[in-house]
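Structural overview
Spelled out, the chains give:
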Amino acid sequence: MSKIPFHDLSRALKEMQPQYLEVMSQVLSGDSLIHGKQVSTLEQKLSEHLGRSVVTCANGSDALEIILEVYEIGVGDEVILSPLTWVSNAEAVIRAGAIPVLAPLDERTGLIDSTRLSSLITKRTKAIIPVHLYGQMVPMQPILDLAEEHQLIIIEDCAQAFGAKQKGELAGTCGHAAAYSFYPTKNLGALGDGGAMAFADPLKAQIAKEIANHGQSKRDVHQRLGRNSRLDTLQAAFLLENLKHFDDWQAKRKSLSDRYRKLLANISTLTLPYIHLNNESNHHLFVIQTAHRDALKLYLNDLGIQTAIHYPKTLDQMPHLKQTTRDLTGGSSICDRILSLPLYPYLKEAEVDQVYEAIRAFFDSSSVR
Ligand SMILES: *Cc1c(COP(=O)(O)O)cnc(C)c1O
């Protein structure tokens, strides 16, 4: 049996090589490696797509940091986070001088339980960062209601949710602002690092743009404390190329994910990804849950099937964050049960079948009965 990597980027790179070489030669024949026209074209396309003002930046983590700065969230403020997320959610809040407050999880989905947030709110609460994990949006209505009642800023972490929808609305268009990552394995990925911020208020977008470019409103006019968080012209050009293929890639992800779901439904002891009624996932990750996770992961690995865990630890379980967070999650054991199966546009149907057969063989074997 051939090996199945968790995410084999080389397949996409091989398939797309002619287009990528063409993109590179166009950028090389221009003269703007920074602030090239591809950057503004990408921002314009994303703004049209989302119906929001979009500003690109160097990566998704910077996007979160800059958004917090735009809304002047800092020392003494509290920001409600999911404990089950990429560590940069906490890093951004702590770097801003604010305190992460960890919310309870919905154990079915790994998303924050938006119906249980009101008891977390204090006079110091300034913002909530719902993270649309694995490509599924957090139920937003209870969060938007809380925001209105308590004047909170809602910052959607859409790093895993580009293209996901809730009640027909795209991820990143419900709150005040949204952060996107174009890390290569995201649904819309660059060939390196990249990120973007989307704002409901164009004036906030302008401030974000200035912060990401050393506080300049125009060349040599520095009017606020800024930093360097720019998206390279080359990465913007790759992203424009990848946008052309995005719908095709999404269709492939959906079909592979549906195939997993249909096959794995035969294994009654396995918990399949739970999708809320009003949600359309973007099929970023296919995350199953089982009490036998560690044994299953090893079993698959021995057969050459690579899996991953998103994430092995919640933020409250990270010793270096313990001092700096307020943990109201009440503890969760979800990290012991979750397992992400291979899912990417260039994964083959036969490989999905192979993963299913292996998982079935594992549960059929006497060791877990
Ligand atoms: C990838 C990711 C980020 C950070 O993006 P980078 O571009 O790698 O900085 C933030 N949040 C979540 C949930 C992510 O998956």
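Scroll up to find the structure.
Description of the structure in this document. Since the model is a prediction, treat every value here as computed from it, not as a measurement. The residue count restarts for each chain, going from 1 along the sequence in the order it is written. For a predicted model such as this one, the threshold for reporting local features is a pLDDT of at least 70, and the threshold for listing and counting side-chain atom pairs is 80 or more; totals across whole chains, interfaces and linings nevertheless cover every residue. For side-chain calculations, the full set of non-hydrogen atoms in the structure is used, while hydrogens and water are omitted.

1. Brief notes about the pattern of salt bridges
Applicable threshold: Criterion for a salt bridge: a side-chain nitrogen of Lys or Arg within 4 Å of a carboxyl oxygen of Asp or Glu. Accessibility here uses a 1.4 Å probe with only protein chains present; expressed as a share of the type maximum, an area under 20% marks a residue as buried, one over 50% as exposed, and anything in between as partly exposed. Where helices and strands are cited, they refer to DSSP runs of H or I of at least four residues and of E of at least two residues respectively, numbered from the N terminus.
Counted by the stated rule, this structure contains 19 salt bridges. Between Asp8 and Arg11 there is a salt bridge, with the nearest N and O atoms lying 3.0 Å from each other. Take Asp8: its relative accessible area is 18%, and that puts it in the buried class. Across the pair Glu357 and Arg360 runs a salt bridge whose closest N-O atoms are separated by 3.4 Å. Of this pair, Glu357 and Arg360 both sit in helix 10 (residues 349-364), 3 residues apart, which is roughly one turn of the helix. Classification of Glu357 as partly exposed rests on a relative accessible area of 40%. Residues joined by salt bridges that share partners form a network here, namely Asp8, Arg11 and Glu351.

2. Comments concerning the pairing of strand 2 (residues 78-81)
Worth spelling out the cut-off: Note: two strands are recorded as paired if DSSP finds a minimum of 2 bridges between them. Orient the strands so they point away from the viewer; a crossover is then right-handed if the path from the first strand over the helix to the second runs clockwise.
Residue alternation in strand 2 divides its side chains into two sets, Glu78 and Ile80 and Val79 and Leu81, and both sets are buried. Direction of pairing for strand 2 relative to strand 3 (residues 99-102): parallel, over a ladder of 4 bridges. Considered in strand 3, the bridge of Leu81 is made with Leu102. Note on the crossover from strand 2 through helix 4 (residues 88-95) to strand 3: the handedness is right-handed. Direction of pairing for strand 2 relative to strand 6 (residues 125-128): parallel, over a ladder of 3 bridges. Counted as the bridge partner of Glu78 is Thr125 from strand 6.

3. Focus: the packing of aromatic side chains
In plain terms, the rule: Two rings from Phe, Tyr or Trp (for Trp, the six-membered ring) form a pair when their centres are within 6.5 Å of each other. A pair whose planes differ by under 30 degrees is stacked, one over 60 is edge-to-face, and the rest are tilted. Charge over a ring is defined by NZ of Lys or CZ of Arg lying within 6 Å of the ring centre and within 35 degrees of the ring normal.
Overall, the coordinates contain 9 aromatic pairs when judged by the stated rule. On the basis of an interplanar angle of 80 degrees and a centroid distance of 5.2 Å, the ring pair of Phe162 and Phe246 is categorised as edge-to-face. Note that Phe162 is positioned in the loop between strand 7 (153-157) and strand 8 (165-166) and Phe246 in helix 7 (residues 233-264), a separation of 84 residues in sequence. The same class applies to Phe162 as to Phe246, namely buried. The rings of Phe162, Tyr180 and Phe246 are connected pair by pair, giving a single aromatic cluster. One cation-aromatic arrangement involves Arg108 over Tyr274; the distance from NZ or CZ to the ring centre is 4.2 Å.

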